[in-house]
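Chain and residue survey
What follows is each chain in one-letter form.
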Amino acid sequence: MLLRKDEENHWVARLACGHFQHVRHNPPWTNRPWVESIEGRNSMLGFLLTCKKCDENAPRDY
Ligand SMILES: [Zn+2]
């Protein structure tokens, strides 16, 4: 899972399944200062997000 910023400067996680997920839409990730620090992001890189797109059988985002 990788973190990047989209064109609106929002954090987006690229999941192993190939979907992108906006961090701000995932409650445990909302309003967390860690996402703004390199140390905080690195500490969370192994965190698995529930992928709603997979639940919906959505096509990959990349
Ligand atoms: Zn997915």
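Remember, predicted model here, so these are calculated numbers, not experimental data.

About the criteria used
Residues numbered from 1 in each chain as written. Predicted model: local features only at pLDDT ≥ 70, side-chain atom pairs only at ≥ 80, totals over all residues. Heavy atoms only, no water. Donors = N, O, S within 2.8 Å, 3.2 Å for Na, K, Ca; no water. Helix = DSSP H or I, 4+ residues; strand = E, 2+ residues; numbered from the N terminus. Buried < 20%, exposed > 50% of the residue type's maximum accessible area, 1.4 Å probe, protein only.

1. Describing the coordination of the zinc ion
Surrounding the zinc ion are the protein donor atoms Cys 17 (SG), His 19 (ND1), Cys 51 (SG) and Cys 54 (SG), which sit 1.9 to 2.3 Å from the metal. The motif formed by the donor residues of the zinc ion, counted along the single chain, is C-x1-H-x31-C-x2-C. Residue His 19 is found in the loop between strand E2 (11-14) and strand E3 (20-22), and its partner Cys 54 is found in helix H2 (residues 52-55); the two are separated by 35 residues along the sequence.

2. Details of unusual backbone geometry
In this model, Asn 9 sits at a positive phi of 70 degrees, which is unusual for a non-glycine residue. With respect to the element layout, Asn 9 can be found in the loop between strand E1 (2-5) and E2. For Asn 57, which is not glycine, the phi dihedral falls at a positive 55 degrees. Inspection of the secondary structure assignment puts Asn 57 in the segment after H2. Judged by its relative accessible area of 69%, Asn 57 falls in the exposed class.

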